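Summary of the model geometry
The chain contents come next:
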Amino acid sequence: MNNDRPVFTVSDINQYIKAVLSNDENLKFIYVKGEISNFKMASNGHFYFSLKDDKSLIGAMMFSNYASKCNFKPENGQEVVVFGSIDAYVGRGTYQII
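Note that the coordinates shown come from a computational prediction; the quantities given were computed from them, not determined experimentally.

Right, let's talk about the side chain of Ser50 for a bit. Relative to the assigned elements, Ser50 resides in strand β2 (residues 47-52). Residue classification places Ser50 among the buried positions, given a relative accessible area of 9%. Excluding residues within four positions of it along the chain, Ser50 makes contact with Glu35, Ile36, Ser37, Asn38, Leu57, Ile58, Gly59 and Ala60.

The 6 strands lie next to each other as β4-β1-β2-β3-β6-β5, forming an open sheet whose pairing is mixed. Looking along the sheet, the strands with just one partner apiece sit at the ends: β4 (79-84) and β5 (86-89). Averaged over all neighbouring strand pairs, the angle between strand axes comes to 50°, with direction disregarded. Where strand β3 (residues 57-62) and strand β6 (residues 94-97) come together, 2 bridges link them in parallel fashion. Each residue of the ladder has a partner; that of Gly59, found in β6, is Gln96.

Conventions we followed
- Residues numbered from 1 in each chain as written.
- Predicted model: local features only at pLDDT ≥ 70, side-chain atom pairs only at ≥ 80, totals over all residues.
- Heavy atoms only, no water.
- Helix = DSSP H or I, 4+ residues; strand = E, 2+ residues; numbered from the N terminus.
- Buried < 20%, exposed > 50% of the residue type's maximum accessible area, 1.4 Å probe, protein only.
- Contact = heavy atoms within 4.5 Å.
- Pairing = 2+ DSSP bridges.
- Axes fitted to C-alpha atoms, helices over the stretch in contact; angles between N-to-C directions.

Structure follows, in structure tokens:
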């Protein structure tokens, strides 16, 4: 180990990544087109799902206050365009569209 380099905790790295994503104007208020997969509605009313295309997948979630206003029933296989911002979930070290 090189003593000239700082040692970071996992939480430090995840917090840093969250800050980078949160401050990137290109990742705020964007439209993303994809197919819904792994859709789940949590007991608190939040929607959790993935958006995928033929090459990639991104996690997605919709808070219950927006989910309750959704004018259709999301189902696996539906092609959708979602509007949101990319954010990191520090506890898991993942990013998603909110």
